[in-house]
Amino acid sequence: MIKIDNINLAQCLDSGTQSEIHLMKDAVVVWDGNLIEWVGSKSELPKKYKNIQTVDGQKALLLPGLIDCHTHLAFGGWRSDEFGERVAGVPYAEITARGGGISSTVKATRAATEDDLYSRSYDFLEKMRALGVTTVECKSGYGLSLDDEMKLLRVYRRLGESQPLRIVPTFLGAHLVPQGTTREEYCKLVVDKMIPEVAKNALAEFCDVFVDDHAFSVEEATLIVAKAKECGLQIKLHVDQLSNGKGAEFAAECGATSADHLEYISEDGIQAMKRSGTVAVSLPLATLYTFQKPLDARALIDAGVDVAIATDFNPGSAPSYHLPLAMMLGCTLNRMSPAEVLKAVTIKAAKALGKIDTIGSIEVGKKADFVLIDTPSIDHWMYHFTENANRLTVINGNTVFKA
Ligand SMILES: [Zn+2]
């Protein structure tokens, strides 16, 4: 058994509004093995914990481990050659027409071996844990063939078994219709072959579909989601990113755990998500890199919808795994308060992964996943952006990063 004292604590319970982070001054957290055993103020610490091994928190801020609930972690190559052109205003359609965009990442990912993808992703995760990230959702979707999608999901399985961060794998075979096949053929492949194979090998917890004009229609997504649910997968969706396609309404209707992007969500979409309890995931790095209008997170929070924030780490629209950067942008682009953003990357992100019972807050019985941020307050942390304010990352009760 170990305790950490001399800390200020934000418990980030699910109860209360998104801005209630449950602050406690001069707190103590006790953990036994991989679980939290006791949480409270120092003055109330039971005698039996007084003489156990103690870590001095040096008045830093103890928070639940950060959760990045939307990434495309494993991919081949980069797309830095397109960056200057996109900044200069070259239309994405022009870049894709000559084989750039997602197709170039698909090509590079297919050419990469499983070991290449594994060691590259491992390095990313090592840097993410230094930033205080303890759980990462990882999507496939750059393989777009049965073998290559399985290859990506096997990389995530290996990562989950060989390094400390919690990995939540998502099958995103319906990311884009690959070149050399028709929409109909590809949807059939996803439904009849890929989803059953993913489920049979227990390679993913979620199935995601990119619902958009240039990706998959609501009708196509309906068939894919039905098969995924039949095979026991939970649902996440990329929706309403480039236009309003009633994606939020569709996500609510099919009981999706989360609907992500949502820059063009309508008032009807907001109300539908409120009724279904679907978590909205804001991806402000993608908004920034693609020069889009930001998601109006205020409208969602004020309507009572839970909002999470993630990086969307991918080589095209969000080439950064820096979750604290996305958090700062959650304040400045999405107009969320620093306290709301903190819950967006802890308890609300846990909700977006269907894992609210085990991670996302500092509570007795939950996993001992936490970080120690060197800052006088939550406001100061998100206002004074630095490369890394994290001093300590603990996952499952084990120290996995120390500054
Ligand atoms: Zn994405």
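First things first, this report covers the structure right here in the doc.

Quick notes on the rules
- Residues numbered from 1 in each chain as written.
- Predicted model: local features only at pLDDT ≥ 70, side-chain atom pairs only at ≥ 80, totals over all residues.
- Heavy atoms only, no water.
- Helix = DSSP H or I, 4+ residues; strand = E, 2+ residues; numbered from the N terminus.
- Rg over C-alpha atoms; globule rule 2.2 N^0.38 Å.
- Buried < 20%, exposed > 50% of the residue type's maximum accessible area, 1.4 Å probe, protein only.
- Areas by Shrake-Rupley, 256 points an atom, 1.4 Å probe, with all protein chains shown as cover.
- Lys, Arg positive; Asp, Glu negative; His and termini not counted.
- Charge placed at Lys NZ, Arg CZ, Asp CG, Glu CD.
- Donors = N, O, S within 2.8 Å, 3.2 Å for Na, K, Ca; no water.
- Tetrahedral: all angles 85-135°; square planar, octahedral: opposite > 155°, others 65-115°.
- Pairing = 2+ DSSP bridges.
- Axes fitted to C-alpha atoms, helices over the stretch in contact; angles between N-to-C directions.
- Contact = heavy atoms within 4.5 Å.
- Salt bridge = Lys/Arg side-chain N within 4 Å of Asp/Glu carboxyl O.
- 1 Å grid on protein atoms, 1.4 Å probe; cavity = no way out; pocket = protein on both sides within 12 Å on 5 of 7 lines; lining within 4 Å.
- Points joined across faces, edges and corners; volume = space filled by probe spheres on them.
- Nonpolar A, V, L, I, M, F, W, Y, C, P; charged D, E, K, R; others polar.
- Domains from an automatic or database assignment.
- Polar contact = N/O pair within 3.5 Å; in protein donor to acceptor, adjacent residues only side chain to side chain.

## Examining the overall build of the protein
Part 1: Along the protein, the regular secondary structure elements total 15 helices and 16 strands.
Part 2: Against the globule reference of 22 Å for 403 residues, the protein gives a C-alpha radius of gyration of 21 Å, in line with a compact fold.
Part 3: Taking the principal axes of its C-alpha atoms as reference, the protein extends roughly 70 × 45 × 45 Å.
Part 4: In the protein, which comprises 403 residues, the share counted as buried stands at 57%.
Part 5: Entry remark: accessible area of the protein is about 15,900 Å², with carbon and sulfur atoms responsible for 51%.
Part 6: Charge centroids of the protein, computed over 42 positive and 52 negative side chains, lie 5 Å from each other.

## A few points about the coordination of the zinc ion
Part 1: Within the protein, the atoms that donate to the zinc ion are His-70 (NE2), His-72 (NE2), His-238 (NE2) and Asp-312 (OD), at distances of 2.1 to 2.3 Å.
Part 2: Bound by 4 donor atoms, the zinc ion shows angles of 84 to 167 degrees at the metal and therefore irregular coordination geometry.
Part 3: All donor residues of the zinc ion come from one chain, and their arrangement in sequence is H-x1-H-x165-H-x73-D. Remark: His-238 occurs in strand 10 (residues 234-239) and His-72 occurs in the loop between strand 6 (66-71) and helix 1 (80-88); sequence separation between them is 166 residues.
Part 4: Assessed through its relative accessible area of 2%, His-238 is described here as buried.

## Observations regarding the sheet that holds strand 7 (residues 133-139)
Part 1: Taken together, 8 strands build an open sheet; the order of strands is 6-7-8-9-10-11-12-13 and the sheet is parallel. Edge positions in the sheet fall to strand 6 and strand 13 (307-309), since each has one partner strand and no second. For this sheet the average axis-to-axis angle between neighbouring strands, irrespective of direction, equals 25 degrees.
Part 2: Here 4 bridges tie strand 6 to strand 7, and the two strands are oriented parallel to one another. Looking across to strand 7, one finds that Asp-68 is bridged to Val-136.
Part 3: Along the sheet, helix 6 (residues 183-200) contacts strand 8 (166-174) and strand 9 (206-210); its crossing angle with strand 8, the most-contacted strand, is approximately 150 degrees.
Part 4: With respect to the sheet, helix 12 (residues 323-332) is in contact with strand 6, strand 7 and strand 13, its orientation differing from that of strand 6 by roughly 85 degrees.

## Quick word on the pattern of salt bridges
Part 1: Within the structure shown, the criterion is met by 23 salt bridges.
Part 2: The shortest N-O distance in the salt bridge between Lys-348 and Asp-306 comes to 2.9 Å. Residue Lys-348 is located in helix 14 (residues 347-352), and its partner Asp-306 is located in the loop between helix 11 (297-303) and strand 13; the two are separated by 42 residues in the primary sequence.
Part 3: Among the residues examined, Lys-348 registers a relative accessible area of 2% and is labelled buried.
Part 4: Classification of Asp-306 as buried rests on a relative accessible area of 17%.
Part 5: Salt-bridge contacts for Lys-366 lead to Glu-363; the nearest nitrogen and oxygen are separated by 3.6 Å.
Part 6: Classification of Lys-366 by relative accessible area gives buried; the value is 5%.
Part 7: The partly exposed category is assigned to Glu-363, whose relative accessible area is 28%.
Part 8: Among the ionic contacts, a cluster of salt bridges with common partners joins Asp-14, Asp-306, Lys-348 and Lys-351.

## Examining empty space enclosed by the protein
Part 1: Considering all chains together, one arrives at 2 cavities of 30 Å³ or more under this definition.
Part 2: For the largest cavity, the calculated volume is near 110 Å³.
Part 3: Contributing to the lining of the largest cavity are 15 residues, with Pro-324, Trp-381, Phe-385, Thr-386 and Ala-389 lying nearest its centre.
Part 4: Among the secondary structure elements, those contributing two or more residues to the lining of the largest cavity are helix 12 and helix 15 (378-383).
Part 5: Classifying every residue of the lining of the largest cavity gives 9 nonpolar, 5 polar and 1 charged.
Part 6: Formed jointly, the lining of the largest cavity draws a minimum of three residues from each of two domains, domain 1 (2-64 + 361-402) and domain 2 (66-352).
Part 7: In this model, the second largest cavity occupies a volume close to 40 Å³.
Part 8: Along its surface, the second largest cavity is lined by Pro-64, Gly-65, Ile-67, Thr-134, Thr-135, Ile-359, Gly-360, Ser-361, Lys-367 and Asp-369.
Part 9: The residue inventory of the lining of the second largest cavity, partitioned by class, reads 3 nonpolar, 5 polar and 2 charged.
Part 10: When we break the lining of the second largest cavity down by domain, the ones giving at least three residues each are domain 1 (2-64 + 361-402) and domain 2 (66-352).

## Considerations on the side chain of Ser-140
Part 1: As for its placement among the helices and strands, Ser-140 is situated in the loop between strand 7 and helix 5 (146-162).
Part 2: Judged by its relative accessible area of 0%, Ser-140 is buried.
Part 3: Of note is the side chain of Ser-140, whose polar atom sits 2.5 Å from the side chain of Glu-149.
Part 4: At 2.9 Å, the side chain of Ser-140 forms a polar contact with the backbone nitrogen of Leu-172.
Part 5: Ser-140 has contacts with Glu-149, Leu-152, Leu-153, Tyr-156, Thr-170, Phe-171, Leu-172 and Gly-173, leaving out every residue within four places of it along the chain.

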